[in-house]
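Take a look at the letters that make up each chain.
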Amino acid sequence: MLPSLSSQLTAELLALRDQHRLRSCQSLAGASRVNVTSDGLRLTAFCSNDYLGLACHPALARAAAEATARSGFGAGASRLVSGTLPEHLALEDALASLVGAEAALLFPTGYQANLGAITALAGPLDLIVADRADHASIIDACRLSRSKLAFYPHLDLARAERHLNHFGPAARRRFLVTESLFSMDGDVAPLPELLALARAHDAALVVDEAHAIGCLGPSGAGLCAHFGVRPDVLVGTLGKAIGASGAFVAGTVGLRTYLSNCARPFLFTTALPPPVAAAALAAVQIITSVDGDLLRRALRERVTQLRFRLVLPPDPFAAPILPMILGPDDHALRASSQLRDKGILVQPIRPPTVREGTARLRITLSAQHTPEQVATLADAVASLSLNPSCPSAIPTLADEPTPRCSSQTTSRASDRAPSSSEQVFRHPGRLPESCPLAAGTARAHFVRRLPGTSGLQTSRLRRSCNRPEPVRRCIGLTGRVCIDLPQ
Ligand SMILES: Cc1ncc(COP(=O)(O)O)c(C=O)c1O
C-alpha cells in the first residue's frame, strides 16, 4: 500500500527540518512594523518592507476608514464585473503619474501583477531573458508563460546579450526582465544599459520596481525615474514602501487595455478592497509631498549610519536592503537567533528564496528606526558569533559624527573606494588566494562589483587579508568586503 498523503507530508517536513529549512509564520503584535512584540518579548524589527513607516500611518488608517464608510469594505466582484470603484480609478491615476506612465492597472498582489503581465504578454513562441536573482513571482510567471526562458547570472549583461543573440532571432517577441532594486541582494540593476540592450534586440524591457517605489528616485518615483529609463512594462507593489497591499502595472494606455482583457490574474479575481486602494492613495500623496522627502531623508540617514558602523562602503543609492550573506543555512539561523536574544528581529533567508549556499540575514531599514536602534543593531551584528562557545568581535566604528544623506561620505568610508554603482552579492569561488579563510571562522560577504576597480584596491585587499587577526575586512578587486566571524 502506498503511504498516506499525511505520512508523506510528515516525512517531507522532517526532511526540511533536518536541512534547517522548516519555516513557520511568527505572530507579531504592535501598531508598528519596527517596534513589535513576539511571545511577550519586545523586539526591534529590521526585516519588514515598510521602508517609510507608512504601514501604520494614521493618514492611511483614516483614508481606509473613510473609504469603508463611502464604498464598503469588499469590492464584491472582479474589476470587469462590478468591482471597479472610484478608489481604484483614483489610485491608478496617481500611480501612473508617480512613475510617469500613461496608465496603470491595479492587481491584488505583486505576485499576481508579475504573473498577469508576463503570462499575458509572452507565450510559447517568445523569448524571456531574465536575471537569475529575479523574484519568485517573475520566475513563476516566466515558467507559466511557456516561453523560451534564458536566465543570465545576476547582473551579467554580457550573458544576457548572448542569450538575446542566440535565441532572439527565432522568437516572435523578446523580453528582458529585471528587478530595479533586487529584493534579496539590495543591489541595483544597470537600467540604462538594460534598456539599450533591449532596444538593440527589439526586446521589451520589463522592470519590477517593488522595492524602489516610494523610497528611491525623484519623489519616490523609483529607479526607472532616477535613470530616466522608460520601460515597456513597469511593475510596482503597494505592500512595501507604500504601506498597504496590492500592486500595479504601468505603461501605455494600450498596455493597460490589453492586460485588463488578457491578464488572467486580473480577470479572474476579486478587485482590491476599496479601503486598501484609498489607503494606498493616501500613501502616494505622502510619498510625493514634502513629508515624503523627509521620510526618504531619514531612511537614507539610517542606511548611511548602519553602513558606516559596519565599515561598509557608502552606497550611492542608499538602498534600505542590506544582505549579510552567511552561506550555510544553519549559520543564518544561528545569527538570527543571536540577534533575537539581543531584542532584534531579522529573519534568516534561506533557499529556495535565495540560491543554495547563500543563506543570509536580510537587514532592512525603515525611516521609523531611530539612530539608537540602528546603533544597537550594528553592535549586535558586531557581536555575532557562529559558534556560541567562541566570543566574537567584529569591530564596528564609533557612531558617525553626523549621520547624513548618502551623498555625503565619511572620510573613513570614502577612503574605501569610489562607487558609481554598487552591488552587494556573493562570489564564493573568486576569493583571492591571498585571502584564505582562517581556521575557525566563517565569512560574511558584502560584495560590490565596481566597473574599473583599481590595482590600489587589490593591494589594499592583500594587505588587509594578510593581517593575522581572525576578524577581517577586505575590499577586493571586485569590491568585496568580507567580515570573518569566529565560528
Ligand atoms: C521584487 C518583488 N516583486 C514582487 C513581489 C510580490 O509582491 P506582493 O508581496 O505584493 O505579492 C515581491 C515581494 O516580496 C518582490 O520582492
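Before reading further, recall that the structure is shown in the block above.
Because the structure is a prediction, the values reported are computed rather than measured.

Colleague: Which parts of the structure should I look at to understand the nonpolar core?
Modeller: Within soluble globular proteins, side chains that are nonpolar generally end up buried alongside one another. Core analysis: the biggest nonpolar cluster contains 137 residues, and Val249, Ala280 and Ala283 have the highest contact counts within it. Both of domain 1 (58-287) and domain 2 (293-486) provide at least three residues apiece to this core.

Colleague: Help me out: how do you make sense of the sheet that holds strand 6 (residues 174-179) in this one?
Modeller: Strand order in the open sheet formed by 7 strands is 3-9-8-7-6-4-5, with mixed pairing between adjacent strands. Every interior strand has two partners, whereas the edge strands, strand 3 (103-107) and strand 5 (148-152), have only one. Mean inter-strand twist for the sheet, computed between neighbouring axes without regard to direction, equals 20 degrees. Bridging between strand 4 (residues 127-131) and strand 6 involves 4 bridges; their strand directions are parallel. Paired with Ala130 across the strands is Val177, a residue of strand 6. Along the sheet, helix 4 (residues 86-99) makes contact with strand 3, strand 8 (233-237) and strand 9 (247-251), crossing strand 3 at roughly 125 degrees. Strands strand 4, strand 5, strand 6 and strand 7 (203-208) of the sheet are contacted by helix 7 (residues 157-167), whose axis makes an angle of about 155 degrees with strand 5.

Colleague: Help me understand the environment of Ala271, please; the structure alone is not making it clear to me.
Modeller: Within the secondary structure, Ala271 sits in the loop between helix 11 (264-267) and helix 12 (274-287). Taking the C-alpha atoms as reference points, Ala271 and Val81, separated by 190 residues in sequence, lie 9.6 Å from one another.

Colleague: What is the right way to read the site of the ligand from this model?
Modeller: Close to the ligand lie 14 residues, the nearest being Thr109, Gly110, His135, Ser183 and Ala210. Here the shell around the ligand is composed, by residue class, of 3 nonpolar, 9 polar and 2 charged.

Colleague: Teacher, can you tell me more about the packing of helix 4 against helix 12 here?
Modeller: Angle between the axes and distance between the axes: these two values describe a pair of packed helices. Relative to each other, helix 4 and helix 12 sit at 30 degrees, their axes nearing to 9 Å. As far as their axial angle goes, helix 12 and helix 4 are roughly parallel. Viewed along their axes, helix 4 and helix 12 form a crossing whose handedness is left-handed. Residues Glu87, His88, Ala90, Leu91, Ala94, Leu95 and Leu98 of helix 4 form the contact with helix 12, whose own contacting residues are Pro274, Ala277, Ala278, Ala280, Leu281 and Val284. Considered class by class, the residues forming the contact of helix 4 with helix 12 number 11 nonpolar, 1 polar and 1 charged.

The rules we used
- Residues numbered from 1 in each chain as written.
- Predicted model: local features only at pLDDT ≥ 70, side-chain atom pairs only at ≥ 80, totals over all residues.
- Core = buried A, V, L, I, M, F, W, Y, C linked by C-beta atoms within 7 Å.
- Buried ≥ 20, exposed ≤ 12 C-beta atoms within 10 Å, placed from the backbone.
- Domains from an automatic or database assignment.
- Pairing = 2+ DSSP bridges.
- Helix = DSSP H or I, 4+ residues; strand = E, 2+ residues; numbered from the N terminus.
- Axes fitted to C-alpha atoms, helices over the stretch in contact; angles between N-to-C directions.
- Contact = placed C-beta atoms within 7 Å.
- Near = placed C-beta within 6 Å.
- Nonpolar A, V, L, I, M, F, W, Y, C, P; charged D, E, K, R; others polar.
- Parallel < 35°, antiparallel > 145°, perpendicular 65-115°, else oblique.
- Left-handed = near helix turned anticlockwise from the far one by under 90°.

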